[in-house]
Amino acid sequence: RIIQYSAGGGEIMWQITSLEQKRWWKALLSLENAILIITSILVATIVTIGVIMRYILHINFIGEEEILAVLAMWLYWVGGIVGSYTNTHITADLLDTFVTDHRKRKVINAIALLISIAVICVFVVWGYKYTIWSYKLGGKSTGLKIPLIISKVTMFIGFVLMGFYSIYHFIRVLQRKETDNQKGD
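Draft legend 1. Focus on the nonpolar core. By size, the foremost hydrophobic cluster in this structure holds 15 residues, and its most contacted members are Trp25, Val78, Ile81, Leu161, Met162 and Tyr165. For this core, the elements supplying multiple residues, two or more each, are helix H1 (23-56), helix H2 (64-86) and helix H5 (149-175). Per element, the largest residue contribution to this core is five residues, and it comes from H5. If sequence neighbours within four positions are ignored, Met162 has contacts with Trp77, Gly80, Ile81, Ser84 and Ile120.

The structure is reproduced here in structure tokens:
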């Protein structure tokens, strides 16, 4: 179970079990990192090959942009997923600088995460509808005839996993002791 509920001494206490020790959790993170590494290497390699072909060999690399578009979508969205997991995405947390009371910081972080979760839920629904619409449309790239759904499904997957990790961080904020100095989770 992800969440365990226990009541003791009149207090409600939520605990998140050690997800990070689960095999599926480690496999998911490994898959995310593998996608980032592979797509980064492929993008760099394809761009290098394109430059060599265009400027040294004076021949065109047909379909370079189509391949790069698919790889870039996977690279960007999985990068966003990893940013959500590590809680290292760009934020404008000026309140953390000015609010020194740990209890208030915890409340602020919890509210920020709840807002993020609500917004991500809306994007998950939109991403799902967009993915289904794209699948039904069945479009393909002009040159190589790559199904467009391959790059468009990343948006839906990205929002789902960002939402999952935001919920995970929200539960960790609720668990955190008031003396902890960690930001976000």
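Draft legend 2. Seen up close, unusual backbone geometry. Located in the positive-phi region is Asn87, a residue other than glycine, with phi close to 60 degrees. As for its position among the elements, Asn87 is in the loop between H2 and helix H3 (94-98). Assessed through its relative accessible area of 19%, Asn87 is described here as buried. With phi around 60 degrees, Lys145 is a residue other than glycine that occupies positive phi space. With respect to the helices and strands, Lys145 occurs in the loop between helix H4 (102-137) and H5.

Draft legend 3. Just a nonpolar patch on the surface, in detail. A grouping of Val47, Val51, Ile52, Tyr55, Ile56, Leu57 and Ile59 is seen on the molecular surface, where their side chains present a nonpolar patch of about 660 Å² in accessible area. Mapped onto the fold, Ile56 is located in helix H1. Residue Ile56 is classed as exposed on the basis of its relative accessible area of 59%.

Basis of the calculations
- Each chain carries its own residue numbering, running from 1 in the written order of its sequence.
- Totals for whole chains, interfaces and linings use all residues, but because this is a predicted model, local features are given only for residues with pLDDT of at least 70 and pairs of side-chain atoms are given and counted only at 80 or more.
- To get the side-chain values, take all heavy atoms of the structure and skip hydrogens and water.
- To qualify as a nonpolar core, a set must consist of buried Ala, Val, Leu, Ile, Met, Phe, Trp, Tyr and Cys residues joined through side-chain atoms within 4.5 Å.
- Between buried and exposed lies partly exposed: a residue is buried under 20% and exposed over 50% of the maximum accessible area for its type, with that area taken using a 1.4 Å probe on protein chains only.
- Helix and strand labels come from DSSP, where a helix needs a run of H or I of at least four residues and a strand needs a run of E of at least two; each type is numbered from the N terminus.
- For this analysis, residues touch if any pair of their heavy atoms sits within 4.5 Å.
- A patch consists of residues whose relative accessible area exceeds 30% and which take part in no salt bridge; residues with like charges are grouped when within 9 Å of each other, and nonpolar side chains (Val, Leu, Ile, Met, Phe, Trp, Tyr) when within 5 Å.
- The accessible surface values rely on the Shrake-Rupley method and a 1.4 Å probe; as for residues, cover is taken only from the protein chains in view.
- Think of a salt bridge as a Lys or Arg side-chain nitrogen and an Asp or Glu carboxyl oxygen that are within 4 Å of each other.

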